Amino acid sequence: PTGNTPRTFSIWVYSSGQQSNTTPATLLSYGTPSMSFQHCSFVMWGNKLRLSNWSGPPDIDYTYSHPVNQWFHLAIKLDEGYVVKIYVNGALQHTS
């Protein structure tokens, strides 16, 4: 998909609880970073998830309490108009 076409990203994440509060860990990167509005990435550090949205609209930060020492499912749904929904283990946790 290109532009603001709706899409959903889904990944499994294992958190040991040792994430740095200063150095983010990239969970997923999609598209071409050098192309405006054609890239997004998801990074985690400490108890925060950041969506860098297509090199254009403002980044979205979401602070959450995730399971430690176990796998959890993370889904990020991007709708038209840059509406972002974040799901953890199937439950809606955040809407922007």
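These figures come from a predicted structure and were not determined experimentally.

A.B. asks: Honestly, the overall build of the protein in this entry has me stumped. Any pointers?
C.D. replies: Looking only at helices and strands, one finds zero helices and eight strands in the protein. Written out in order from the N terminus, the α and β elements of the protein read β-β-β-β-β-β-β-β. The buried share of the protein, reckoned over its 96 residues, is 34%. The long-range share in the protein, meaning contacts at least 24 apart out of those at least 6 apart in sequence, stands at 39%. Accessible surface for the protein amounts to roughly 5400 Å². Of this, 52% is attributable to carbon and sulfur atoms.

A.B. asks: Please clarify how the pattern of salt bridges should be interpreted in this entry.
C.D. replies: Where charged atoms from two side chains of opposite charge come close, those side chains can pair. Counted under the stated rule, the structure contains one salt bridge. A salt bridge links Asp 79 to Lys 77; its shortest N-O distance comes to 3.4 Å. For Asp 79, a relative accessible area of 17% gives the class buried. Look at Lys 77 and you get partly exposed, because its relative accessible area is 32%.

A.B. asks: Help me understand the nonpolar core, please; the structure alone is not making it clear to me.
C.D. replies: Within soluble globular proteins, side chains that are nonpolar generally end up buried alongside one another. Phe 42, Leu 49, Leu 51, Leu 74, Ile 76, Val 84 and Ile 86 are the most contacted members of the largest nonpolar core, which totals 18 residues. Mapped by element, the contributors of at least two residues to this core are strand E1 (7–15), strand E3 (39–45), strand E4 (48–53), strand E5 (60–63), strand E6 (70–79) and strand E7 (83–88). Considering every element that reaches this core, the biggest residue donor is E6, with four residues.

A.B. asks: I tried to follow unusual backbone geometry on my own but got confused; where do I start?
C.D. replies: Most peptide bonds take the trans form, and the phi angle of most residues other than glycine is negative. Unlike most non-glycine residues, Asn 89 shows phi in positive territory, near 50 degrees. Inspection of the secondary structure puts Asn 89 in the loop between E7 and strand E8 (91–95). A relative accessible area of 46% means that Asn 89 is categorised as partly exposed.

A.B. asks: It is not clear to me how the sheet that holds E7 should be interpreted in this structure. Could you clarify?
C.D. replies: Hydrogen bonding along the main chain pairs the strands of a sheet, whether they run parallel or antiparallel. Reading across from one edge, E1-E6-E7-E8 is the order of the four strands in this open sheet, with antiparallel pairing throughout. In the strand order of this sheet, the two ends are held by E1 and E8, each with one partner. On average, each strand axis in the sheet is tilted by 25 degrees relative to the strand beside it, whichever way the strands run. Across four bridges, E7 lies against E8 in antiparallel orientation. In the strand pairing of E8, Ile 86 is matched with His 94.

Reading the values: rules and limits
Residues numbered from 1 in each chain as written. Predicted model: local features only at pLDDT ≥ 70, side-chain atom pairs only at ≥ 80, totals over all residues. Heavy atoms only, no water. Helix = DSSP H or I, 4+ residues; strand = E, 2+ residues; numbered from the N terminus. Buried < 20%, exposed > 50% of the residue type's maximum accessible area, 1.4 Å probe, protein only. Contact = heavy atoms within 4.5 Å. Areas by Shrake-Rupley, 256 points an atom, 1.4 Å probe, with all protein chains shown as cover. Salt bridge = Lys/Arg side-chain N within 4 Å of Asp/Glu carboxyl O. Core = buried A, V, L, I, M, F, W, Y, C linked by side-chain atoms within 4.5 Å. Pairing = 2+ DSSP bridges. Axes fitted to C-alpha atoms, helices over the stretch in contact; angles between N-to-C directions.

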